[in-house]
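So the chains spell out like this:
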Amino acid sequence: MHVKTLILGAGAAGLFCAAHAGPGTLIIDHAKAPGEKIRISGGGRCNFTNLGTSAANFLSENPHFCKSALKRYTQWDFISLVDRYGIDWHEKTLGQLFCDGKATQIVDMLTTEVKNAGAELWLDTTVKHVGHDGAQFTALLTRKGASHQLTADNLVLATGGKSIPKMGATGLAYDIAERFGLRVTETRPALVPFTFPAERFQSLAGIATPARVSTGAAAFDEALLFTHRGLSGPAVLQASSYWQEGHDVTLTLCPTENPFDWLRTRRATSGKRNLTTVLTELLPGRLIDYLAHMHGWKGNLADQSDARLTEIADALQNWVVRPAGTEGYRTAEVTLGGIATEGLSSRSMEATALPGLYAIGEAVDVTGWLGGYNFQWAWSSGWAAGTAI
Ligand code: FDA
């Protein structure tokens, strides 16, 4: 069997690419259903893009690589498609767009687009071998027990990253890319909770509070969540993409207040009140108890000198912690790193050394922040390859 284009991976990027690559396209996946990560994304409502998408929201060895695709197929283009399908959506926060209904509406929209484009979708299909005979790509696939020997003019790597192996994530795209001479950067779990020794935050488990979470030069102001195993919440997930093993993370609690000024004002008006009771106006009581125990805070506000208030403010604003690690690929939303961009055209996602080979989506070394950016990269890169083919 010969096809014009063989796409490996029927996730967000692969489906969108197939919808634009058109007739003569075969898209395959080893899963029983397409777009499984879309289905579970955004708590079942799919955060399908972000109004503020720009290259600044992505990590890559080459931060400029994603610009062309993001500019040529934008968040507004995807929003018009969603609107054409009558899928209702809302902005939750920080430009993040979610379906009002279910994420499966996005999967249904994509599979309809694939069908309308005349592309064929094979599920439950395993890749046994992929090669190139000098003229075209060759592939051996098995589907429902039967083997299929294929040739293809174009091969698109769209099998995503290594995050959540339980959902079928594999490093197939990286392996094939390397076999064809493309470099793969170091990969690691990203958008992932931090872990700490068991006893560290046990008593704080379940507390969520606004915070700034910083590591190196990166800082994110969003919710911080204490868990039985460590730290999570959007601010932590964002920071995890920038975190290096063995490095510190700084927690700035109540980031919109100047705690020193606030405490001084309160001391002037309510000096007889207990320090920790007053602090619960700023932060959850259990968190204040924990910090008070750690730093020996006690007494009334009037008992605290300016120097002591400075120490307290510093403890609230510069709480330095060192994660033992992360939850890893088991729960990471994405994989940082991937197929190095220097081997790909930023316009078409085609490998410069091997015409006809394309890599798109999460498999490429372009990783978005939390908030709909990763799907937008899947749409933009899938569109770039699909329309170039
Ligand atoms: P994706 O992972 O979607 O697709 C890859 C496909 O390849 C899969 O269908 C897989 O089965 C298949 N495959 C893998 N190995 C194979 C093999 N060896 N043989 C055959 N097929 C193979 N992003 C966002 O922007 N907004 C959000 O709300 C969320 N939410 C979210 C929640 C959770 C729990 C996770 C894990 C991730 C998110 N993300 C997200 C990230 C987003 O899901 C992700 O970046 C995109 O799905 C990437 O699209 P791809 O098509 O590149 O890979």
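No experiment lies behind these values; they were computed from the predicted model shown.

### Let's talk about the packing of aromatic side chains
Thinking step 1. Under the defined criterion, the tally for this structure stands at 20 aromatic pairs.
Thinking step 2. Taking 6.2 Å as the distance between ring centres and 85° as the angle between the ring planes, the aromatic pair formed by Phe58 and Tyr373 counts as edge-to-face. Of the two residues, Phe58 sits in strand S4 (residues 58-59) while Tyr373 sits in helix H12 (residues 373-388), which places them 315 residues apart along the sequence.
Thinking step 3. The interplanar angle of 15° and the centroid separation of 5.5 Å between the aromatic rings of Phe375 and Trp379 together place this pair among those described as stacked. Pair noted here: Phe375 and Trp379 are both in helix H12, with a separation of four residues, about one helical turn.
Thinking step 4. Given the relative accessible area of 14%, Phe375 is considered buried.
Thinking step 5. Cluster of aromatic residues (ring-pair linked, three or more members): Phe16, Phe48, Tyr73, Phe78, Phe375, Trp379 and Trp383.
Thinking step 6. For Lys92, the ring lying beneath its charged end belongs to Phe98, and the centroid distance is 4.8 Å.

### What about the site of the ligand?
Thinking step 1. Taken together, 28 residues form the shell around the ligand, and within it Ala13, Asp29, Thr170, Glu362 and Phe375 come nearest.
Thinking step 2. One of the backbone N or O atoms of Ala12 is found 3.1 Å from an oxygen atom in the ligand.
Thinking step 3. At 2.5 Å from an oxygen atom of the ligand is found a side-chain nitrogen or oxygen belonging to Asp29.
Thinking step 4. In the complex, 92% of the free accessible area of the ligand, which totals 990 Å², lies under the protein chains.
Thinking step 5. Breaking the shell around the ligand down by element, the ones donating at least two residues are helix H1 (12-21), helix H2 (36-40) and H12.
Thinking step 6. Of the residues forming the shell around the ligand, the biggest block, three residues, is contributed by H12.

### Details of helix H6 (residues 172-179)
Thinking step 1. Among the residues of H6, those classed as buried are Ala173, Tyr174, Ile176 and Ala177.
Thinking step 2. Close packing links the buried residues of H6 with strand S1 (2-8), strand S8 (125-132), strand S10 (146-157) and strand S19 (334-336).
Thinking step 3. Looking at the residues trailing H6, positive phi occurs at Gly181, about 90°.

The rules behind the values
Residues numbered from 1 in each chain as written. Predicted model: local features only at pLDDT ≥ 70, side-chain atom pairs only at ≥ 80, totals over all residues. Heavy atoms only, no water. Phe/Tyr/Trp six-rings, centres within 6.5 Å; stacked < 30°, edge-to-face > 60°. Helix = DSSP H or I, 4+ residues; strand = E, 2+ residues; numbered from the N terminus. Buried < 20%, exposed > 50% of the residue type's maximum accessible area, 1.4 Å probe, protein only. Lys NZ or Arg CZ within 6 Å of the ring centre and 35° of its normal. Near = heavy atom within 4 Å. Polar contact = N/O pair within 3.5 Å; in protein donor to acceptor, adjacent residues only side chain to side chain. Areas by Shrake-Rupley, 256 points an atom, 1.4 Å probe, with all protein chains shown as cover. Contact = heavy atoms within 4.5 Å.

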